[in-house]
Amino acid sequence: MLGGRLGYVLFYNLPYYLHHPVAIVAVWDGGMSFHGGLIGVTIGGLLFSRKTGIRFLSLSDLVVPVAPLGLFLGRLGNFINGELWGRPANVPWAMIFPRAPLVHGMMVPRHPSQLYEAALEGLVLFAVLWTMAQKRRPEGVLLGTFLTLYGLFRCLMESFRQPDQQLGYIGGVITMGQILSVPMILIGLGIIIWALRRAHPAPATASSKGILHG
């Protein structure tokens, strides 16, 4: 939670919070960043790994197969709250989000991008990772796959999602979400390549041994 909040402050609205530092703790006004939360979870995982002696990659491979379920529920929450809406659209399933900015003084239908993200970053990513978790594979491959696919899916979904009003399109062509996702893709690919070169298979971590649902 701390990483998510500080990530939003640093990545998405730093000028505002520099002038209003007390507002940093006003979490009830909204403002959380997935990428900041990921950094926070990574730091927490490294500390836990060091304290317990459990290898970080082994710990990560245990956690990431179910992480997309949390992402799925989070995006459903975004949809229910009518936040993080999509860009204006004329597709048959476009929706009116009353809190979205007006276009030429009118409310316009928009992509329900929260549902797109719930499906892709949540259900599809879960299906891929859960399937991989049933089989033996080099340690770290699940973590690398999670980082790579989430980064790719997020970059794709940003093309349907309305950029944050205070940032808009950076350089006129790219969103902050896409900028933050590119390092995820590169790091994820690097972990996969490194893990495959080591080629030390890790045991299955899913239901066959009751680890993830016991």
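Only a predicted model underlies this, so the values are computations on that prediction, with no experimental measurement involved.

Asker: Could you give me a rundown of the environment of Cys155, with the residues and numbers involved?
Answerer: For Cys155, the position within the fold is in helix H7 (residues 141–157). Taking the C-alpha atoms as reference points, Cys155 and Met176, separated by 21 residues in sequence, lie 9.8 Å from one another. For Cys155, the residues in contact, after removing those within four places along its chain, are Gln178, Ser181 and Ile185.

Asker: Help me get a handle on a nonpolar patch on the surface, residues and values and all.
Answerer: A cluster of nonpolar residues, Val22, Val25, Val27 and Trp28, forms a patch on the protein surface that exposes about 490 Å² of accessible area. The exposed category is assigned to Trp28, whose relative accessible area is 67%.

Asker: Requested: an account of the packing of helix H5 (residues 67–81) against H7, with residues and values cited.
Answerer: Between H5 and H7, the least distance of the axes is 12 Å, while the angle of their chain directions is 25°. Put simply, H5 runs roughly parallel to H7. Crossing geometry of H5 relative to H7 is assigned as right-handed. From H5, Ala67, Pro68, Leu71 and Arg75 reach across to H7, where they touch Phe146, Tyr150 and Arg154. Considered class by class, the residues forming the contact of H5 with H7 number five nonpolar, no polar and two charged.

Asker: Could you give an account of the nonpolar core, naming the residues involved and the relevant values?
Answerer: Formed by 18 residues in total, the largest nonpolar core has its most connected members in Leu125, Leu143, Phe146 and Leu147. No other element matches the eight residues that H7 contributes to this core. The residues contacting Leu147, other than those within four sequence positions of it, are Leu38, Met184, Ile185, Ile187, Gly188 and Ile191. Of all hydrophobic cores here, the second largest spans seven residues; its members include Tyr8, Tyr12, Ala23 and Met176.

How each quantity is defined
Residues numbered from 1 in each chain as written. Predicted model: local features only at pLDDT ≥ 70, side-chain atom pairs only at ≥ 80, totals over all residues. Heavy atoms only, no water. Helix = DSSP H or I, 4+ residues; strand = E, 2+ residues; numbered from the N terminus. Contact = heavy atoms within 4.5 Å. Patch = residues over 30% accessible without salt bridge, like charges linked within 9 Å, V, L, I, M, F, W, Y side chains within 5 Å. Areas by Shrake-Rupley, 256 points an atom, 1.4 Å probe, with all protein chains shown as cover. Salt bridge = Lys/Arg side-chain N within 4 Å of Asp/Glu carboxyl O. Buried < 20%, exposed > 50% of the residue type's maximum accessible area, 1.4 Å probe, protein only. Axes fitted to C-alpha atoms, helices over the stretch in contact; angles between N-to-C directions. Parallel < 35°, antiparallel > 145°, perpendicular 65-115°, else oblique. Left-handed = near helix turned anticlockwise from the far one by under 90°. Nonpolar A, V, L, I, M, F, W, Y, C, P; charged D, E, K, R; others polar. Core = buried A, V, L, I, M, F, W, Y, C linked by side-chain atoms within 4.5 Å.

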